[in-house]
Amino acid sequence: MTDIVSSPISTPSVPWLERVQRVVTAFAIPLAFPAVLVLLWHLASTYELMPEQILPYPAYVWDAAVDAIVGGDLLKQISFSAGRVTAGFIAGAVAGLVLGFAMGFWHWLDDHVRPLFTAISQVPTIGWIPLLMLFLGLGEALKIVIIAKAAFIPIVMNSSAALRSIPPGYLEVARIFRFNKLQRLRLVILPATVPPVFTGIRYGLTKAWTALVAVELLASSEGLGYQLNWARQMFWLDTMIFSMILIGLVGFVMDHILARIEVRLQRWKLTD
Amino acid sequence: MPGSPDPSARPGYLSIRHLNKVFRVNDRRLQALLDINLDVEQGSFVTIVGASGCGKSTLLRIVAGLETGEGTVIHDGKPVEEPSLNRGLVFQEARLFPWLTVEQNVALGLENASADARTRERLVREHLELVSLTDFAKAYPRQLSGGMAQRVAIARGIVNRPGLLLLDEPFGALDAFTRAHLQDELQHIWEHEHLTALLVTHDVDEAVLLGNRVVVMSPRPGRIARVIDIPLAYPRDRRSPDLIYFRNQILDELDVIRGPRPVTGKARDIKVPA
Ligand SMILES: Nc1ncnc2c1ncn2[C@@H]1O[C@H](COP(=O)(O)OP(=O)(O)OP(=O)(O)O)[C@@H](O)[C@H]1O
Ligand SMILES: [Mg+2]
């Protein structure tokens, strides 16, 4: 009889077991696939499917990473890149939000600006580098402008569409209760536009990071993109692969931080 | 026109005179409302029934001030030109703001009221109690069922005590049980809070149960076909046989609007196999 009473359903769940489960789902699942890839990579190097100069052992890449971290060189490169992407992204995001919201508010402005904007956004970021090099030289200004432009495009697109996508029914509720401009902004427009605007911001940051690497590859003497290119020229394949992994990781972390902010701003959307 | 008010009579609390509304759809004129004349007395409960597309929502939106038509609409002595806090509108869909909690949504109705913070809090609490949602004050709309969301919308619509409460098929999307419950609750609120109500529905039973006057509309163009007074005391019981008489009158009127029924296919034409 006691067996039935203490059946698993009625037992209160064990806290530490729950925590282990949470850690497993948080890390094990997203890391399983990369781990398999590293294993395959290791096997490929071991059986020399490719010459070692082209595909070094994962362990060598790891050693190169440890060297870079211990030597302090890595931190220097990251801070160069992070500084550039921060400056460029903030400039592009502010300009993009201003223009995007203005286009959403005023149709006449949209009519005037949209065609040129669409045409500009069709030219890939790299395509702008030659022209801007002539105007701005090879200095920091070039990099910041390129990164800002990359972030600017998706932020304009999403924030101008966000205002148009507010359900008209909500605005009618605002009229029924005779909201003034400020109340409409605070209670309807801002909360309704947070999701699409934030999608634009996240996408803009990804674009900015990608553009950073591109511009550092072409015109720079420091930063992660430069390190990647330099390692290729020196045939330090381990450093090259490590730089690529790092670029991906930093981008991932930045996107993750923005995703967390997004969730906080939209707590009403959470499921429980 | 039987039952319509004499257009020259003294205007009531809400008074609609020669109201027309034309929409333009693909360069064609669509007469949504044709010469609507209607008076609603203070403290009365008027219901409007009619087939889909006969202009019920359009009429309500014009009275609310969300839309304009030709003709005059006078509420409480003033012509209706834009929305007013003295007119509340409950939409067919709840239209709660998903980013606000239930109590914050109800408080929207007090956003421009003159009450101080303490009074607002008390009013919101009282109205949540009125629609039996006190336990859900801190919940978000996505955590509510359709019927609960509609109750929040009703609380939001009446929290500021509009003199005239306009309801556009507020229970249309609900199941029969919830609808019956909310109809009883609405009767109760209307009686105890001395509201004036104008409710649009396509449910004849609902129109008869709630209205002390039922306006039957006919479509294309949207007109008032008939106005039927229902002099029964409140609260009304939906099982009361007295309601059936009025219900049948309205169904007859809707049959006239629909035109003669096809003669074939009647039960007596079906041959019973020997
Ligand atoms: N904004 C609009 N533009 C053009 N036509 C409209 C508009 N709103 C309503 N109409 C037309 O006016 C007529 C009446 O519409 P309305 O929404 O008032 O009908 P209703 O009686 O409320 O119908 P339902 O019971 O289906 O809600 C319909 O033929 C509709 O097509
Ligand atoms: Mg309608």
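The coordinates are above.
So, how was this worked out
- Residues numbered from 1 in each chain as written.
- Chains lettered and ligands numbered in written order.
- Predicted model: local features only at pLDDT ≥ 70, side-chain atom pairs only at ≥ 80, totals over all residues.
- Heavy atoms only, no water.
- Helix = DSSP H or I, 4+ residues; strand = E, 2+ residues; numbered from the N terminus.
- Contact = heavy atoms within 4.5 Å.
- Buried area = accessible area lost by both parts, 1.4 Å probe.
- Salt bridge = Lys/Arg side-chain N within 4 Å of Asp/Glu carboxyl O.
- Polar contact = N/O pair within 3.5 Å; in protein donor to acceptor, adjacent residues only side chain to side chain.
- Nonpolar A, V, L, I, M, F, W, Y, C, P; charged D, E, K, R; others polar.
- Near = heavy atom within 4 Å.
- Patch = residues over 30% accessible without salt bridge, like charges linked within 9 Å, V, L, I, M, F, W, Y side chains within 5 Å.
- Areas by Shrake-Rupley, 256 points an atom, 1.4 Å probe, with all protein chains shown as cover.
- Buried < 20%, exposed > 50% of the residue type's maximum accessible area, 1.4 Å probe, protein only.
- Pairing = 2+ DSSP bridges.
- Right-handed = clockwise from strand over helix to strand, strands pointing away.

Draft legend 1. Region of interest: the environment of B:Asp203. All names here are of chain B. Mapped onto the elements of the fold, Asp 203 is located in the loop between β8 (196–201) and α6 (204–210). For the pair Asp 203 and Pro 79, spaced 124 residues apart in sequence, the C-alpha separation works out to 30 Å. If near-sequence neighbours (up to four positions away) are discounted, Asp 203 is found in contact with Val 49, Arg 179 and Gln 183.

Draft legend 2. A look at the interface of chain B and chain A. Counting residues at the interface gives 23 residues for chain B and 21 residues for chain A. When the two sides are added together, the surface that chain B and chain A hide from each other amounts to roughly 2200 Å², 60% of it contributed by carbon and sulfur. Considering only the side of chain B, the residues that lose the most area to chain A are B:Phe97, B:Trp99 and B:Arg142, jointly responsible for 29% of the buried surface there. Across the contact surface, chain B and chain A share four salt bridges. Among the salt bridges present, the one from B:Glu111 reaches A:Arg186, with a minimum N-O distance of 2.8 Å. Inspection of the region where chain B meets chain A yields twelve residue pairs in polar contact (both at pLDDT 80 or more). In terms of residue class, the side of chain B that touches chain A is built from twelve nonpolar, five polar and six charged.

Draft legend 3. Broad picture of the site of ligand 1. Residue and element names in this part refer to chain B. Surveying the vicinity of ligand 1 reveals the residues Phe 23, Val 25, Leu 30, Ala 32, Ser 52, Gly 53, Cys 54, Gly 55, Lys 56, Ser 57, Thr 58 and Glu 169. Here Gly 55 contributes a backbone N or O atom positioned 3.0 Å from an oxygen atom of ligand 1. Measuring from an oxygen atom of ligand 1, one finds a side-chain N or O atom of Ser 57 at 2.7 Å. Within the residue set of the shell around ligand 1, elements represented by two or more residues are β1 (14–25), β2 (28–40) and α1 (56–64). Here the shell around ligand 1 gets three residues from one element, more than from any other, and that element is α1. Among the residues making up the shell around ligand 1, the classes are represented as five nonpolar, five polar and two charged.

Draft legend 4. Representation of a nonpolar patch on the surface within the structure. Residue and element names in this part refer to chain A. A contiguous nonpolar patch, built from Phe 33, Val 36, Leu 37, Leu 39, Leu 40, Leu 43, Tyr 47 and Leu 49 and spanning about 890 Å² of accessible area, is present on the exposed surface. Among the structural elements, Val 36 can be located in helix α2 (residues 15–46). Among the residues examined, Val 36 registers a relative accessible area of 44% and is labelled partly exposed.

Draft legend 5. Region of interest: the environment of A:Thr118. Residue and element names in this part refer to chain A. Turning to its location among the elements, Thr 118 is positioned in helix α5 (residues 107–122). On the accessibility criterion, Thr 118 (34% relative accessible area) is partly exposed. For the pair formed by Thr 118 and Met 157, sequence separation is 39 residues and the distance between their alpha carbons is 9.3 Å.

Draft legend 6. Broad picture of the pairing of β8(B). Residue and element names in this part refer to chain B. In terms of residue burial, β8 counts as a mostly covered element, since six of its six residues are buried. Of the two faces of β8, both are covered, the one formed by Thr 196, Leu 198 and Val 200 as well as the one formed by Ala 197, Leu 199 and Thr 201. Bridge analysis of strand β3 (residues 45–49) against β8 gives five bridges, and the strand direction is parallel. Residue pairing across strands places Val 46 opposite Leu 198, the latter belonging to β8. Strand direction decides the pairing type here: strand β7 (residues 164–168) and β8, joined by five bridges, are parallel. Note that in β8 the partner of Leu 167 across the bridge is Leu 199. In this region the chain leaves β7, passes through helix α5 (residues 176–193) and returns to the parallel neighbour β8; the handedness of that crossover is right-handed.

Shape descriptors only; they carry no functional weight alone.
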